[in-house]
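# Descriptive structure summary
The residues making up each chain are set out below.
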Amino acid sequence: MKDKILEKAQQMFLNLGFKSVTMDEIASSLGVSKKTIYKYFKNKTELVAEVTNLMFSSICTGIDSICALKKNPIEEVFDIKRLIISNLKDEKSSPQYQLQKYYPKIYASISKKQFDIMQVCVIENLNDGIQQGLYRENIDVTFISRIYFSGIMSIKDKDLFPLNDYSMNTLMNYYLDYHLRAICTEKGLKQLENQLKLK
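These lines cover the structure that appears in this document, whether it is placed above or below. (Residues numbered from 1 in each chain as written. Predicted model: local features only at pLDDT ≥ 70, side-chain atom pairs only at ≥ 80, totals over all residues. Heavy atoms only, no water.)

## Structural notes on the overall build of the protein
Within the protein one finds 10 helices and 0 strands. Along the protein, helices and strands appear, N-terminal first, in the series α-α-α-α-α-α-α-α-α-α. The dimensions of the protein, computed from C-alpha atoms along their principal axes, are 60 × 35 × 30 Å. Sorting the 199 residues of the protein into buried and exposed places 45% on the buried side. Considering only contacts in the protein between residues 6 or more positions apart, those separated by 24 or more positions represent 71%. When the accessible surface of the protein is totalled, it reaches about 10800 Å², and 53% of it is carbon and sulfur. Computed over 28 positive and 23 negative side-chain charges, the separation of the two mean positions in the protein equals 5 Å. (Helix = DSSP H or I, 4+ residues; strand = E, 2+ residues; numbered from the N terminus. Buried < 20%, exposed > 50% of the residue type's maximum accessible area, 1.4 Å probe, protein only. Contact = heavy atoms within 4.5 Å. Areas by Shrake-Rupley, 256 points an atom, 1.4 Å probe, with all protein chains shown as cover. Lys, Arg positive; Asp, Glu negative; His and termini not counted. Charge placed at Lys NZ, Arg CZ, Asp CG, Glu CD.)

So this is what it looks like as structure tokens:
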């Protein structure tokens with residue numbers, strides 16, 4: 001039952017936002033009483049924390065699987081983007097924004113974990129790209145990896161990039177184009193153009 005509650009809550013949170021969905025609505029959509037949900041989660045905050053951790057673990061597992069394929073680094077970046085979009089459903093509810101606003105402690109904890117995981121992944125991608133002649137040799141890998149993380153977090157800020165103006169998929173394509181053009185060699189730019197045709 002606990003897994004069913006987490007699955008339904010995740011689906012509703014992504015579609016409608018963390019703030020908008022009530023425990024009553026989750027119970028109703030599962031056809032159970034609210035008391036059943038409280039048997040597993042003492043309050044909504046605890047449920048939100050478990051759902052976000054579950055989503056984070058699922059995305060991390062997916063990213064590890066993509067990295068294990070050892071594709072060229074530019075293709076890898078776009079495969080990871082597609083994975084994230086499919087997990088977040090490209091929804092208009094802006095889950096990150098709502099998490100930041102209404103559950104700041106959970107948001108801070110997830111952001112720290114995201115940063116730690118992404119640093120390892122992005123630095124490895126950058127080093128592989130340099131070795132394969134796709135990225136310029138003279139880039140500062142640590143600086144670029146931090147700028148990359150900062151940019152990815154910023155494009156999810158719906159005050160800066162209203163979701164009525166841009167879908168998350170469009171924003172991520174724009175951002176990857178921007179990021180990769182700054183670090184690619186001529187050889188890398190050809191790979192980038194191929195990926196942009198696929199989107």
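## Notes on the pattern of salt bridges
In the structure shown here, the tally under the stated rule is 10 salt bridges. For Arg 82, the salt bridge goes to Asp 79, with nearest N and O atoms at 3.1 Å. One end of the pair, Arg 82, and the other, Asp 79, are both in helix H5 (residues 73–88), 3 residues apart, so they sit about a helical turn from each other. Judged by its relative accessible area of 14%, Asp 79 falls in the buried class. Among the salt bridges present, the one from Lys 112 reaches Asp 116, with a minimum N-O distance of 2.7 Å. With Lys 112 and Asp 116 both in helix H7 (residues 104–131) and 4 residues apart, this pair spans about one turn of that helix. Classification of Asp 116 by relative accessible area gives partly exposed; the value is 36%. One continuous salt-bridge network, built from bridges that share partners, spans Lys 71, Glu 75, Asp 79 and Arg 82. (Salt bridge = Lys/Arg side-chain N within 4 Å of Asp/Glu carboxyl O.)

## Focus on the nonpolar core
In this structure, Phe 13, Ile 26, Leu 47, Leu 126, Tyr 135, Tyr 148 and Leu 180 are the most contacted members of the largest nonpolar core, which totals 53 residues. Looking at this core, the elements that each hand over two or more residues are helix H1 (2–16), helix H2 (23–30), helix H4 (44–68), H5, H7, helix H8 (141–154), helix H9 (168–183) and helix H10 (186–198). When near neighbours in sequence (up to four residues on either side) are disregarded, Leu 126 contacts Tyr 135, Ile 139, Val 141, Ile 144, Ser 145 and Ile 183. Core analysis: the next-biggest nonpolar cluster, separate from the first, contains 8 residues, Ile 63, Ile 66, Cys 67 and Cys 121 among them. (Core = buried A, V, L, I, M, F, W, Y, C linked by side-chain atoms within 4.5 Å.)

## As for the environment of Leu 176
Along the polypeptide, Leu 176 turns up in helix H9. Owing to a relative accessible area of 1%, Leu 176 belongs among the buried residues under this scheme. Measuring from C-alpha to C-alpha, the distance between Leu 176 and Phe 78 comes to 7.9 Å, with 98 residues separating the pair along the chain. When residues no more than four places from it in sequence are discounted, the contact partners of Leu 176 are Val 77, Phe 78, Lys 81 and Tyr 148.

## Notes on the packing of aromatic side chains
Tallied over the full model, the rule gives 6 aromatic pairs. Their ring planes at 70° and their centres at 6.1 Å tell us that Phe 161 and Tyr 166 sit as a pair that is edge-to-face. Owing to a relative accessible area of 30%, Tyr 166 belongs among the partly exposed residues under this scheme. Three or more aromatic residues joined by ring pairs make a cluster, and in this case those are Tyr 148, Tyr 175 and Tyr 178. One cation-aromatic arrangement involves Lys 19 over Tyr 102; the distance from NZ or CZ to the ring centre is 5.4 Å. (Phe/Tyr/Trp six-rings, centres within 6.5 Å; stacked < 30°, edge-to-face > 60°. Lys NZ or Arg CZ within 6 Å of the ring centre and 35° of its normal.)

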